[in-house]
Amino acid sequence: LFRVSEARNGWFRAADAVEAGVPRQQLARYVDSGVLRRLAHGVYRLRDFPAQPFEDVIGACLWAGPDAVASHDTALAVYGLGEVAPSVVHVTVPRRLRKRRDNVIVHTCLLASRDVTVRDGVPVTAPARTLRDCATDHPTEVVEKLIAEALARGLLSRRVADTIQTEVGDA
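This is a predicted model, so every value here is computed, not measured.

A. Region of interest: the nonpolar core. Membership of the largest hydrophobic core comes to 37 residues, with the highest contact counts inside it found for Leu-131, Ile-147, Leu-156 and Ile-164. If you list the elements that add at least two residues to this core, you get strand S2 (36-40), helix H4 (55-64), helix H5 (72-79), strand S5 (89-93), strand S8 (122-125), helix H6 (127-134), helix H7 (140-152) and helix H8 (158-170). Looking at this core, the element that brings in the most residues is H4, giving seven residues. The contacts of Ile-147, once residues within four sequence positions are left out, are Leu-131, Leu-156, Ala-161, Ile-164, Gln-165 and Val-168. Membership of the second largest hydrophobic core comes to nine residues, among which are Phe-12, Ala-14, Val-22 and Leu-27.

This is how it looks when you write it as structure tokens:
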């Protein structure tokens, strides 16, 4: 299970464990014995795995499905942009999600491959996509500062920054 969950800071799906040869029934025993913590149906974390930043975000993405990524204010936090400290986890999924979870806001959008990346083990929207998403939730001045910060930190090229700046100004 360690190998299965290592890239996700100790988190894994039941399907990942089964694929690695650990039967679902064994997962229940591991939860009962305290080896695993169960976040939601089919989502687990090794209890003794070292704590990592954004481990709750990884858990929320696994809960939301295999194509879920952190987005919006949560993605800003993953990139360390601005002073955003979201009290909920924002995830984007490609199709409507029927289940609900406290402290998770689910957005629905089919993302292009260029709009998705992994940062420190967290599946997350790419910086440009993150800023475009945040432009709908934040005042223009805040988004302009975030764009400047992302550009200064090398997360965006000048061309992409200018394009987003134009889009924000036109909105």
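B. Focus on H6. The buried count for H6 comes to seven of eight residues, which makes it a mostly enclosed element. Taken residue by residue, H6 has Pro-127, Ala-128, Arg-129, Thr-130, Leu-131, Asp-133 and Cys-134 as its buried positions.

C. Looking closely at the sheet that holds strand S3 (residues 43-46). Read across the open sheet, the three strands follow the order S1-S3-S2; overall the sheet is antiparallel. Edge positions in the sheet fall to strand S1 (11-13) and S2, since each of these pairs with one other strand and no more. Averaged over all pairs of adjacent strands, the angle between strand axes in this sheet comes to 30 degrees, irrespective of strand direction. Sheet topology places S2 next to S3; four bridges connect them, and they run antiparallel. The residue bridging Ala-40 from the neighbouring strand is Val-43, located in S3. Against the sheet, helix H3 (residues 24-33) engages S1, S2 and S3, with an angle of about 110 degrees to S2. In this fold H4 packs onto S1, S2 and S3, with an angle of close to 5 degrees to the strand it touches most, S1.

D. Representation of unusual backbone geometry. The backbone of Phe-54 sits at a positive phi, close to 65 degrees, despite the residue not being glycine. The residue Phe-54 is located in the loop between S3 and H4 in this model. Even without being glycine, Asp-120 reaches a positive phi, approximately 55 degrees. Here Asp-120 lies in the loop between strand S7 (116-119) and S8. Accessibility expressed as a relative area gives 62% for Asp-120, which makes it exposed.

E. Molecular detail of the packing of aromatic side chains. Scanning the entire structure with this criterion turns up two aromatic pairs. Note on Phe-2 and Phe-49: the rings are 5.3 Å apart at their centroids and 35 degrees apart in plane angle, and the pair reads as tilted. Taken as a pair, Phe-2 in helix H1 (residues 2-5) and Phe-49 in the loop between S3 and H4 lie far apart in primary sequence, 47 residues in all. Aromatic pair Phe-12 and Tyr-44: ring centres 5.7 Å apart, planes at 20 degrees, arrangement stacked. With a gap of 32 residues between them, Phe-12 in strand S1 and Tyr-44 in strand S3 connect regions that are remote in the sequence. In this structure, Phe-12 and Tyr-44 share a single accessibility class: buried.

Calculation notes
- Residues numbered from 1 in each chain as written.
- Predicted model: local features only at pLDDT ≥ 70, side-chain atom pairs only at ≥ 80, totals over all residues.
- Heavy atoms only, no water.
- Core = buried A, V, L, I, M, F, W, Y, C linked by side-chain atoms within 4.5 Å.
- Buried < 20%, exposed > 50% of the residue type's maximum accessible area, 1.4 Å probe, protein only.
- Helix = DSSP H or I, 4+ residues; strand = E, 2+ residues; numbered from the N terminus.
- Contact = heavy atoms within 4.5 Å.
- Pairing = 2+ DSSP bridges.
- Axes fitted to C-alpha atoms, helices over the stretch in contact; angles between N-to-C directions.
- Phe/Tyr/Trp six-rings, centres within 6.5 Å; stacked < 30°, edge-to-face > 60°.

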